[in-house]
2 protein chains.
Amino acid sequence: MARKPGSKAEITGPRIRAAALRLFARHGYAAVSMRQIATEVGVQAGALYLYTPDKQTLLFELMRGHMEDLLAALAAEVQPADPVAALEGFTRFHIRFHAARSDAVFVSYMELRNLEPANFARLEGLRRSYEDRLEAILQSGQRAGQFAVPDTKLAALALIAMLTGVNTWYREGGRLSLATVEAHYWDMVRKAMGAVG
Amino acid sequence: MARKPGSKAEITGPRIRAAALRLFARHGYAAVSMRQIATEVGVQAGALYLYTPDKQTLLFELMRGHMEDLLAALAAEVQPADPVAALEGFTRFHIRFHAARSDAVFVSYMELRNLEPANFARLEGLRRSYEDRLEAILQSGQRAGQFAVPDTKLAALALIAMLTGVNTWYREGGRLSLATVEAHYWDMVRKAMGAVG
DNA sequence: GTCTATACGAGGATAGAC
DNA sequence: GTCTATCCTCGTATAGAC
């Protein structure tokens, strides 16, 4: 509304982030040049530096944004008191959320090694928070005698790896609908945790 | 034995591949320069081109070598006729083999997008062979009524993702021994597939 | 806010000496 | 078989015009 004539700042910024995310996911952070990103957006390379101090920060902000969206979306879900129902909710949430943002997921898992140590540490903290949410569900179910899990930490990591793996092959319009995928994974998750009730 | 005096060809080649694998795993293919690899080995950059036509081929040969070692090692395992025992064998084999070669595993999964299309296709074929071996086990168990798996293809992909995920956190000398990890994962795999008998 | 022009370093790969 | 020297391209980032 208050946009000044000739100013495109409010639209160029998001377009830069979108182009960078797509290109990073496709070719990898190190293989993508600032010139490529600029071309994609339709501006000159120098203009990118009005929106990010450098390439590293651009990458980090994409990854941080993704992880914070993930945590916020998880927090917004209603979590059932029953651990089995809570685990089903987490399973379906994880598959749905990740399937809808495959580029961000890919970048956030693959480009960790290209982050400077300080940025890496911040992102690891966010990732850890997410894992802890799942582990808490497993622990409460274990205490209630509804799960049979020898090691909740290990089980949480195993489940997340399994669920995130969906992204390596799932494509909209493929052999299986997302609802079917969710159902089949929930079947495996439920059984793997020895869920009863 | 027949090594000519002054010739180090038979030792330099493997050292180049080892250094490249380590560096690619650490920093990513695109982020590693031929000069870095040469420095690691203790030769000049130009000398690398006596052992590989270019950087792309060096990457591809590392990945192909890893996948062929994997398939050969799997083929060398004795596969029990009983599907449940075969699945346990596969589970333990996968964890053990991958834990022992974390760099090669990392590179083979992360650098697929940096392969030229022809090389990518060849590697996908090898990966597919490996997945098919697991799916065959699941199918035979399903036919025998010993597994309860709604979709063997999907289950095979889910299990491989879960098992390969071990590599993201397992470190020798950590909280859990590899034998314990194997046992806990086998417990989850067995239950997830609804194994009986 | 975006452009052009450019500084400056590093990249892959090759030629020819030893 | 390895080295030195070099070609040429491309990278990130900045300065200053409009």
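Fair warning: this is a prediction, and the values are worked out from it, not measured in the lab.

Trainee: Can you walk me through the overall build of chain A in this structure?
Mentor: Across its full length, chain A carries eight helices and zero strands. Moving toward the C terminus, one meets the helices and strands of chain A in the order α-α-α-α-α-α-α-α. Seen through its C-alpha atoms, chain A measures out along the principal axes to roughly 60 × 40 × 35 Å. Contacts in chain A between residues at least 24 apart in sequence constitute 70% of all its contacts with a sequence separation of at least 6. Of the accessible surface of chain A, which amounts to about 9600 Å², a share of 55% is contributed by carbon and sulfur atoms. Measuring between centres, the 24 positive side-chain charges of chain A sit 5 Å from its 20 negative side-chain charges.

Trainee: How do you make sense of the protein's contact with DNA strand D when you look at a structure like this?
Mentor: Residues in close proximity to DNA strand D total 17 residues, the closest being M34 and R35 of chain A together with Q44, L50 and Y51 of chain B. Here a phosphate oxygen of DNA strand D and a backbone polar atom of V32 of chain A are 3.5 Å apart. Looking at the surface near DNA strand D, the elements with two or more residues in it are helix 2 (34-41) of chain A together with helix 1 (9-27) of chain B. The residue inventory of the surface near DNA strand D, partitioned by class, reads eight nonpolar, four polar and five charged.

Trainee: I keep staring at the protein's contact with DNA strand C and nothing clicks. Help me out?
Mentor: Near DNA strand C lie 18 residues; those nearest to it are Q44, L50 and Y51 of chain A together with M34 and Y49 of chain B. Elements represented by at least two residues in the surface near DNA strand C include exactly helix 1 (9-27) of chain A together with helix 2 (34-41) of chain B. Per-class residue counts for the surface near DNA strand C are eight nonpolar, six polar and four charged.

Trainee: Just to check I follow, could you spell out the interface of chain B and chain A for this structure?
Mentor: Interfaces are often described in size by the accessible area the parts lose on coming together. Between chain B and chain A, the residue contacts involve 35 residues of the former and 35 residues of the latter. Three residues stand out in chain B for area buried against chain A, namely R113, L154 and M188 of chain B, and they jointly supply 25% of the buried area on that side. At the surface where chain B touches chain A, the tally comes to four salt bridges. A salt bridge links R113 of chain B to E111 of chain A, with the nearest nitrogen and oxygen atoms 2.9 Å apart. For the pair chain B and chain A, the interface holds 10 residue pairs in polar contact (both at pLDDT 80 or more). Among the residues forming the side of chain B that touches chain A, the class breakdown is 22 nonpolar, five polar and eight charged.

Trainee: When you look at the relation of the copies chain B and chain A in this model, what are you seeing that I'm missing?
Mentor: What relates the pair of chain copies is a rotation about an axis plus a shift along that axis. Superposing chain B onto chain A takes a rotation of 180° plus a shift of 0.0 Å along the axis, which leaves an RMSD of 0.0 Å. Taken together, these values place the two copies in the relation of a two-fold axis. Mapped onto chain A, 100% of the interface residues of chain B again fall at the interface, so both copies present the same surface.

Thresholds, definitions, all that
Residues numbered from 1 in each chain as written. Chains lettered and ligands numbered in written order. Predicted model: local features only at pLDDT ≥ 70, side-chain atom pairs only at ≥ 80, totals over all residues. Heavy atoms only, no water. Helix = DSSP H or I, 4+ residues; strand = E, 2+ residues; numbered from the N terminus. Contact = heavy atoms within 4.5 Å. Areas by Shrake-Rupley, 256 points an atom, 1.4 Å probe, with all protein chains shown as cover. Lys, Arg positive; Asp, Glu negative; His and termini not counted. Charge placed at Lys NZ, Arg CZ, Asp CG, Glu CD. Near = heavy atom within 4 Å. Polar contact = N/O pair within 3.5 Å; in protein donor to acceptor, adjacent residues only side chain to side chain. Nonpolar A, V, L, I, M, F, W, Y, C, P; charged D, E, K, R; others polar. Buried area = accessible area lost by both parts, 1.4 Å probe. Salt bridge = Lys/Arg side-chain N within 4 Å of Asp/Glu carboxyl O. Least-squares fit on C-alpha atoms with pLDDT ≥ 70 in both.

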